[in-house]
Amino acid sequence: MSQTTAPFPAYLVSNTDGTVGAAFTTLAEAQLDAGDVTVRVQYASINFKDALAATGKGKIIRRFPCVGGIDATGVVESSASPRFKAGDGVIVHSHGFGVSHHGGYAARARVPADWVNALPAGMTALEAITIGVAGYTAALAIDLMELNGLAPARGKVLVNGATGGVASVSIDILAQRGYEVVAITGKPAEAAYLRELGAAEVIASADLPQGSKPLETALWQGAVDSLGGAPLSGLTRSVQKDGVIASIGNAAGLEFTTSVMPFILRGVRLIGVNSDNDPALRERIWKRLGTDLRPRHLGRIARVVPFKELPGAIDAVAGGKARGRTVIDLGSAA
Ligand SMILES: NC(=O)c1ccc[n+]([C@@H]2O[C@H](COP(=O)([O-])OP(=O)(O)OC[C@H]3O[C@@H](n4cnc5c(N)ncnc54)[C@H](OP(=O)(O)O)[C@@H]3O)[C@@H](O)[C@H]2O)c1
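Computed from a predicted model, the values in this text were never measured in an experiment.

Trainee: What exactly am I supposed to notice about the sheet that holds strand S2 (residues 19-27) here?
Mentor: In any sheet, the strands associate via hydrogen bonds between backbone groups, in a parallel or an antiparallel arrangement. Spatially, three strands are ordered S2-S1-S4 in an open sheet, and the strand pairing comes out antiparallel. Only two strands of the sheet have a single neighbouring strand rather than two, namely S2 and strand S4 (66-67). Inspection of the sheet shows strand S1 (residues 8-16) paired to S2 by nine bridges, in the antiparallel sense. Residue Val13 lies in a different strand from S2, and its bridge partner there is Ala22. Running at roughly 100° to S2, helix H1 (residues 48-55) makes contact with S1 and S2 of the sheet.

Structure representation (structure tokens):
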């Protein structure tokens, strides 16, 4: 059983008469949701989804009030699951974490064991949260894309929303696997950062070829798409024969339009990527993140912010001003 701890700080998202907002508060351990594993949180992060949740810009939170933060790393304090024991370094992410169950923006988290993974061998809590749910999803996408034919010799791979969290880790992993990565960004001033991660080419999204024919010039063997909307529409028309697009996100929009032509004439594969996975798949992807898919530039990707500066950092992510992964240091929180 978990030992009783003193009240600890938390960042709680609430809904007051239909207005969603977030604020610091103090929680007692008894107020945490039920779960097998209690974790002393060291780091959390700000994902696009966290920014939508905390600002109320998106209908993300499914149970108010809810501690935000859809991923966290830390040390197990107590565990009723045989898979973990006190002292283990772990990462928690996905499923209801920070959405319908108190999340990572608190000094303690208690969660079902199926939402927890051991840190890969030799990986620190800071490195693991820099990967976080964003990097996990990037690795899952690349795993699925390679199962669908992606291979370094077959051509360029596009990564859009390139300065974002999912995209930054995607560029890093793809480059270390020998792919020629083309980064598409709305922040061309960050070209040097993207090249450091391994992008061979950086294109400003405003300079991307526009077109609306059912099939445009085939430029890429694959694409990691964080954006959805019009950028995904364009991708379907410009991927080469038997190419593969991983649809991960919706930063530019929920809907896209295309025709069946890319699919029936070029055999383009549009694959969906979702990070809510069963323990066996999570285990396999985290093992790969610690070995053959291990990112090489996590120190460049992370921006570490103290817990007390979380609100301002959330606004930066919500406003599209952040770069890479914004990591929240809860080390001094309690
Ligand atoms: N499927 C899953 O399980 C899963 C898991 C994790 C994340 N996601 C989704 O993946 C997407 C990316 O997440 P993230 O955490 O990497 O987000 P992020 O760090 O905020 O990055 C998103 C990037 O997209 C670009 N962008 C932002 N707003 C845009 C707009 N209105 N139009 C065009 N481009 C825009 C920006 O890159 P540039 O300025 O460089 O263009 C930004 O850095 C989100 O939609 C998120 O919800 C899904």
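Trainee: I keep staring at the pairing of S1 and nothing clicks. Help me out?
Mentor: Along any regular strand, the residues point their side chains to alternate faces of the sheet. Taking the residues between adjacent antiparallel strands as the criterion, S1 and S2 are bridged by two residues, where Asp17 takes a positive phi near 50°. Bridging between S1 and S4 involves two bridges; their strand directions are antiparallel. In the sheet register, Val13 faces S4, and the bridge partner there is Cys66.

Trainee: Help me out: how do you make sense of the nonpolar core in this one?
Mentor: The nonpolar side chains of a soluble globular protein tend to be buried with one another. Judged by nonpolar contacts, the single largest core of 48 residues is most densely connected at Ile171, Leu174, Leu194 and Leu289. Ranked by residue count, the leading element in this core is helix H2 (residues 125-147), at 12 residues. Split by domain, this core shows at least three residues from each of two domains, domain 1 (8-118 + 297-329) and domain 2 (133-272). Every residue in contact with Leu289, bar those within four places of it in the chain, is listed here: Met123, Ile131, Gly135, Tyr136, Ala139, Ile173, Arg294 and Pro295.

Trainee: What is the right way to look at the environment of Val273 in this model?
Mentor: Take Val273: it is sitting in the loop between strand S14 (269-272) and helix H7 (279-289). Once the C-alpha coordinates of Val273 and Ile142 are considered, the two residues, 131 residues apart in sequence, prove to be 9.8 Å apart.

Trainee: Would you explain H1 in this entry?
Mentor: For an α-helix, the turn length of 3.6 residues means that residues three or four places apart are oriented alike. Along H1, the residues that are buried comprise Asp50, Ala51, Leu52, Ala53 and Ala54. Gly56 lies just past H1 and shows a positive phi near 75°.

Trainee: In this structure, what is going on with unusual backbone geometry? I would like to understand it.
Mentor: Excluding glycine, residues mostly carry a negative phi; peptide bonds, for their part, are mostly trans. The omega torsion across Phe64 and Pro65 is -15°, close enough to zero to call that bond cis. Turning to its location among the elements, Pro65 is positioned in the loop between H1 and S4. Of note, the phi angle at His95 is positive, near 55°, even though the residue is not glycine. Mapped onto the elements, His95 comes out in the loop between strand S6 (89-93) and strand S7 (108-111). The class for His95 is partly exposed, based on a relative accessible area of 26%.

Trainee: Could you clarify how one ought to interpret the site of the ligand in this entry?
Mentor: Around the ligand lies a shell of 23 residues, among which Thr163, Val166, Thr185, Gly186 and Val273 are the nearest. Contacts to the ligand include Gly161, whose backbone N or O atom sits 3.4 Å from an oxygen atom. Computed on the free molecule, the ligand has an accessible area of 920 Å², of which 79% lies beneath the protein chains in the complex. When residues of the shell around the ligand are sorted by domain, at least three fall in each of domain 1 (8-118 + 297-329) and domain 2 (133-272).

Trainee: What exactly am I supposed to notice about the packing of H2 against helix H3 (residues 165-176) here?
Mentor: Across the interface, H2 lies against H3 with an axial gap of 8 Å and an inter-helix angle of 55°. In terms of their interaxial angle, H2 and H3 are classed as oblique. Viewed along their axes, H2 and H3 form a crossing whose handedness is right-handed. Where H2 abuts H3, its residues Thr130, Ala134, Gly135, Ala138, Ala139 and Ile142 lie against Gly165, Val166, Val169, Ser170, Ile173 and Leu174. Classifying every residue of the contact of H2 with H3 by side-chain character gives eight nonpolar, four polar and no charged.

Trainee: Whenever I open this one, the layout of surface pockets confuses me. Can you help?
Mentor: If a probe the size of a water molecule is rolled over the atoms, the empty space left behind becomes visible. Volume-wise, the second largest pocket comes out at about 150 Å³. Lining of the second largest pocket is provided by Asn117, Ala118, Leu119, Pro120, Ala121, Glu283, Trp286, Lys287, Gly290 and Thr291. Going through the elements one at a time, strand S8 (116-118) and H7 are the ones with two or more residues in the lining of the second largest pocket. Considering each element in turn, the lining of the second largest pocket owes the most residues, three residues, to H7. Here the residues of the lining of the second largest pocket sort into five nonpolar, three polar and two charged.

How each quantity is defined
Residues numbered from 1 in each chain as written. Predicted model: local features only at pLDDT ≥ 70, side-chain atom pairs only at ≥ 80, totals over all residues. Heavy atoms only, no water. Pairing = 2+ DSSP bridges. Helix = DSSP H or I, 4+ residues; strand = E, 2+ residues; numbered from the N terminus. Contact = heavy atoms within 4.5 Å. Axes fitted to C-alpha atoms, helices over the stretch in contact; angles between N-to-C directions. Core = buried A, V, L, I, M, F, W, Y, C linked by side-chain atoms within 4.5 Å. Buried < 20%, exposed > 50% of the residue type's maximum accessible area, 1.4 Å probe, protein only. Domains from an automatic or database assignment. Near = heavy atom within 4 Å. Polar contact = N/O pair within 3.5 Å; in protein donor to acceptor, adjacent residues only side chain to side chain. Areas by Shrake-Rupley, 256 points an atom, 1.4 Å probe, with all protein chains shown as cover. Parallel < 35°, antiparallel > 145°, perpendicular 65-115°, else oblique. Left-handed = near helix turned anticlockwise from the far one by under 90°. Nonpolar A, V, L, I, M, F, W, Y, C, P; charged D, E, K, R; others polar. 1 Å grid on protein atoms, 1.4 Å probe; cavity = no way out; pocket = protein on both sides within 12 Å on 5 of 7 lines; lining within 4 Å. Points joined across faces, edges and corners; volume = space filled by probe spheres on them.

Any functional reading would require information beyond the geometric quantities listed.
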